[in-house]
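Given next are the chains, with one letter for each unit.
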Amino acid sequence: MEIYGREEDRAKWAMHYAQVKANIIQPKRTHNVTVSGKNKQGKPYSYDYKYADLADIDKAVMDGIKKATDKEGNVTFSYFFDIQTTNTAVAVQTLLVDASGFTVKTNKIVFQNGKAYDAQATASLISYAKRYSLSGAFGIAADDDKDAQDQKIIYEPRVLTKQELENYQVYYNGTQANLYDLYQEAKDGIKDAQDWFNESHTPEDAQAVHQIAQMFKMKHSVKKENKEKQAALDKIQQTKKDPFESQKVESSDDDPEVDKLF
């Protein structure tokens, strides 16, 4: 923890911080997540728990801040984030700022980032670090199960657009690869590609894989439906009879009666 400002303003900071905390109403845990995996002994586990996301926590804190005002109704306390990113990690600190300028900077929340090249995954990791840091700064219990944070990071993957799916990149065999093409390779029977899909993935990658699988499934259904329609049409054509078949007259180039018509 780092402290900035004049020592004589420390008491004001402490008083205003206490007022904000006293006015914070614990946010409702309206989000649910299923955590699954294997423990160190290799045994599978799975459980559900509820949590409050960053938006819920921020609202609870800001509602508390708005109630902690001076005699003129001015807000006396606030906060903001200090975010640092590297090629391997993200770090977030919450700065608790008093109207006097006295500031307390919380300890760093650091998470390893194995996908620094992926802007979306990095943004999700930063969002989680903010959530964790802000909860700790104001003593907010954001999860039903605190121990779950040690087993799985909570991400909030979003539904991707068709264009985003077609351009989605993943880390495959030491390099970046287009997920759409990789899925096609797996469908074509390439073992390395199939093995990649059998590995564990980040929630963002899992979301993209799920959507692409649905896209391929839909295309397959359309092709199958078109083939069935064509087969039905072909069958109709093969079995279709000429209604005038019985009235046809066999003709020959040597038929004198035919020659008279010309």
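Residues numbered from 1 in each chain as written. Predicted model: local features only at pLDDT ≥ 70, side-chain atom pairs only at ≥ 80, totals over all residues. Heavy atoms only, no water.

(A) Focus on the pairing of strand S8 (residues 169-172). Covered by surrounding structure in S8 are Val170 and Tyr172 only, the residues Gln169 and Tyr171 on the alternate face being uncovered. With four bridges connecting them, S8 and strand S9 (residues 175-178) associate as antiparallel partners. Paired with Val170 across the strands is Ala177, a residue of S9. (Buried < 20%, exposed > 50% of the residue type's maximum accessible area, 1.4 Å probe, protein only. Helix = DSSP H or I, 4+ residues; strand = E, 2+ residues; numbered from the N terminus. Pairing = 2+ DSSP bridges.)

(B) Region of the structure containing helix H3 (residues 119-137). Counted at 1.5 Å a residue, the expected span for H3 with its 19 residues is 27 Å, and the 27 Å between its end C-alpha atoms agrees. All buried positions along H3 are accounted for by Ala121, Thr122, Ser124, Leu125, Ile126, Tyr128, Ala129, Arg131, Ser133, Leu134, Ser135 and Ala137. Phi turns positive, to about 65°, at Gly139, one or two residues after H3. (Expected span 1.5 Å × (residues − 1).)

(C) View of the pattern of salt bridges. In total, this model carries eight salt bridges according to the counting rule given. Residues Glu8 and Arg6 are paired through a salt bridge, measuring 3.8 Å at the closest nitrogen-oxygen approach. For Arg10, the salt bridge goes to Glu7, with nearest N and O atoms at 2.8 Å. Note on Glu7: relative accessible area 52%, which makes it exposed. Three or more residues are tied together by salt bridges with common partners; here these are Arg6, Glu8 and Asp9. (Salt bridge = Lys/Arg side-chain N within 4 Å of Asp/Glu carboxyl O.)

(D) The nonpolar core, seen in detail. Among the nonpolar cores identified, the biggest contains 21 residues, and Val61, Leu96 and Phe138 are the most heavily contacted of them. Contributing elements (two or more residues each) for this core: helix H1 (10-23), helix H2 (54-67), strand S4 (77-85) and H3. Judged by nonpolar contacts, the second largest core, of 19 residues, contains Leu160, Ala177, Leu182 and Ala208. (Core = buried A, V, L, I, M, F, W, Y, C linked by side-chain atoms within 4.5 Å.)

(E) Layout of the packing of aromatic side chains. The full count for this structure, using the stated rule, is 14 aromatic pairs. Aromatic side chains Tyr17 and Phe138 sit 5.9 Å apart centroid to centroid with 35° between the ring planes, which places their arrangement in the tilted category. Of this pair, Tyr17 sits in helix H1 while Phe138 sits in the loop between H3 and helix H4 (162-166); the two residues are 121 residues apart in sequence, bridging distant segments of the chain. Its relative accessible area of 17% is what places Tyr17 among the buried residues. Ring centres of Tyr183 and Phe216 lie 4.7 Å apart, and the angle between their planes is 45°; this geometry places the pair in the tilted category. Of the two residues, Tyr183 sits in helix H5 (residues 179-187) while Phe216 sits in helix H7 (residues 203-239), which places them 33 residues apart along the sequence. Relative accessible area serves as the criterion here: at 11%, Phe216 is assigned to the buried category. Put simply, the rings of Trp13, Tyr17, Phe77, Tyr79, Phe81, Phe102 and Phe138 touch in pairs and so form one group of aromatic residues. (Phe/Tyr/Trp six-rings, centres within 6.5 Å; stacked < 30°, edge-to-face > 60°.)

(F) Structural context of the environment of Ser78. Position of Ser78 relative to the elements: it lies in strand S4. The partly exposed category is assigned to Ser78, whose relative accessible area is 31%. Separated by 20 residues in sequence, Ser78 and Asp98 place their C-alpha atoms 6.6 Å apart. The residues touching Ser78, leaving out its near neighbours within four places in the chain, are Ile65, Leu95, Leu96 and Val97. (Contact = heavy atoms within 4.5 Å.)

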